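What follows is the residue order along each chain.
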Amino acid sequence: MAGITILTTWQSVPWSMVGKIDHIEIEASDAEEMADFLKKLGYEEVRRTEHHGESFELEPTDSDGPLFEIHTVDGEEVPGINHIAYAHDDLDELAEELGDQGVDSIVGPYDVEETGRTILNFRDPDGRRFQAVDDE
């Protein structure tokens, strides 16, 4: 079929200016239960932190795909995807580029002590949060 592209690996994705997907954060009703479910699907736990209470980070055992960051729902949050984060090597430059493109609600870059990472948050026109993380 002409015009249809089937992506077989993450490496074949044509990444935009924000970079490749670094992680997908999921808010779950029970983070440990969700982490156990992902382990059944072939993911392995790479880190457990106190970020957002208790947080689990899991990646595919073949490392071909993004990391999942799992938290237990807290406060006004609801179960679901919280955000998708992209890896980028210059967050200050990206913040400027996003601003030049008219992207609203840019916050950061700033350091997150619990994870040791630097992040930049921004929102789409409907208010969904996207994130870029330092690729180093």
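Look a little higher up for the structure.
Source: prediction; values computed, not measured.

A. The arrangement of the nonpolar core in detail. With 21 residues, the main nonpolar core has Leu-58, Phe-68, Ile-70 and Leu-120 as its most contacted residues. Elements represented by at least two residues in this core include exactly strand 1 (21-28), helix 1 (31-40), strand 3 (55-60), strand 4 (67-72), helix 2 (91-100) and strand 7 (117-123). Excluding residues that lie within four positions of it along the chain, Phe-68 makes contacts with Ile-24, Ile-26, Leu-38, Tyr-43, Phe-56, Glu-57 and Leu-58.

B. Quick look at unusual backbone geometry. Note the cis peptide between Gly-108 and Pro-109, where omega equals 10°. Within the fold, Pro-109 resides in strand 6 (residues 107-112).

C. Expanded view of the pattern of salt bridges. Under the definition given, this model contains six salt bridges. Ionic pairing is found between Glu-57 and Arg-47, a salt bridge with its closest N-O pair at 3.1 Å. Here the residue Glu-57 occupies a position in strand 3, and Arg-47 occupies one in strand 2 (residues 43-49), the gap between them amounting to 10 residues. One continuous salt-bridge network, built from bridges that share partners, spans Asp-36, Lys-39, Glu-45, Arg-48 and Glu-54.

D. Molecular detail of a negative patch on the surface. A cluster of like negative charges, contributed by Asp-89, Asp-92, Glu-93, Glu-96, Asp-100 and Asp-135, occupies part of the molecular surface. Here Asp-92 shows up in helix 2. Here Asp-92 falls in the exposed class, since its relative accessible area comes to 55%.

E. Examining the packing of aromatic side chains more closely. On inspection of all chains with the given rule, the structure shows two aromatic pairs. Seen from their ring centres, Tyr-43 and Phe-68 are 5.3 Å apart, and the 75° between their planes marks the pair as edge-to-face. Pair noted here: Tyr-43 is in strand 2 and Phe-68 is in strand 4, with a separation of 25 residues, a long-range link. Residues Tyr-43 and Phe-68 agree in their burial class; the two are buried.

F. Structural detail: the sheet that holds strand 8 (residues 129-134). Ordered in space as 2-3-4-1-5-8-7-6, the eight strands form an open sheet in which the pairing is mixed. Taken across any chain shown, the strands that pair with only one partner, and hence form the sheet edges, are strand 2 and strand 6. Strand after strand, the sheet turns through a mean of 25° between neighbouring axes, direction not considered. Bridging between strand 1 and strand 5 (residues 80-88) involves six bridges; their strand directions are antiparallel. Among the inter-strand pairings, Ile-21 is bridged to a residue of strand 5, identified as Tyr-86. Across the sheet, helix 2 is in contact with strand 5, strand 6, strand 7 and strand 8; its angle to strand 7 comes to roughly 10°.

G. View of helix 2. All of the buried residues along helix 2 are Leu-91, Leu-94, Ala-95 and Leu-98. Down the axis of helix 2, the buried side of the element spans an arc of 100°, and every buried residue falls inside it. Along helix 2, the residues that are exposed and aim more than 90 degrees away from the buried face are Asp-92, Glu-96 and Asp-100. Buried residues along helix 2 sit in contact with strand 5, strand 6, strand 7 and strand 8. A distance of 3.3 Å separates the backbone nitrogen of Asp-92 from a side-chain oxygen at the start of helix 2, and that oxygen is part of Asp-90.

Each value, and the rule that gives it
Residues numbered from 1 in each chain as written. Predicted model: local features only at pLDDT ≥ 70, side-chain atom pairs only at ≥ 80, totals over all residues. Heavy atoms only, no water. Core = buried A, V, L, I, M, F, W, Y, C linked by side-chain atoms within 4.5 Å. Buried < 20%, exposed > 50% of the residue type's maximum accessible area, 1.4 Å probe, protein only. Helix = DSSP H or I, 4+ residues; strand = E, 2+ residues; numbered from the N terminus. Contact = heavy atoms within 4.5 Å. Salt bridge = Lys/Arg side-chain N within 4 Å of Asp/Glu carboxyl O. Patch = residues over 30% accessible without salt bridge, like charges linked within 9 Å, V, L, I, M, F, W, Y side chains within 5 Å. Areas by Shrake-Rupley, 256 points an atom, 1.4 Å probe, with all protein chains shown as cover. Lys, Arg positive; Asp, Glu negative; His and termini not counted. Charge placed at Lys NZ, Arg CZ, Asp CG, Glu CD. Phe/Tyr/Trp six-rings, centres within 6.5 Å; stacked < 30°, edge-to-face > 60°. Pairing = 2+ DSSP bridges. Axes fitted to C-alpha atoms, helices over the stretch in contact; angles between N-to-C directions. Arc of directions from axis to C-beta. Polar contact = N/O pair within 3.5 Å; in protein donor to acceptor, adjacent residues only side chain to side chain.

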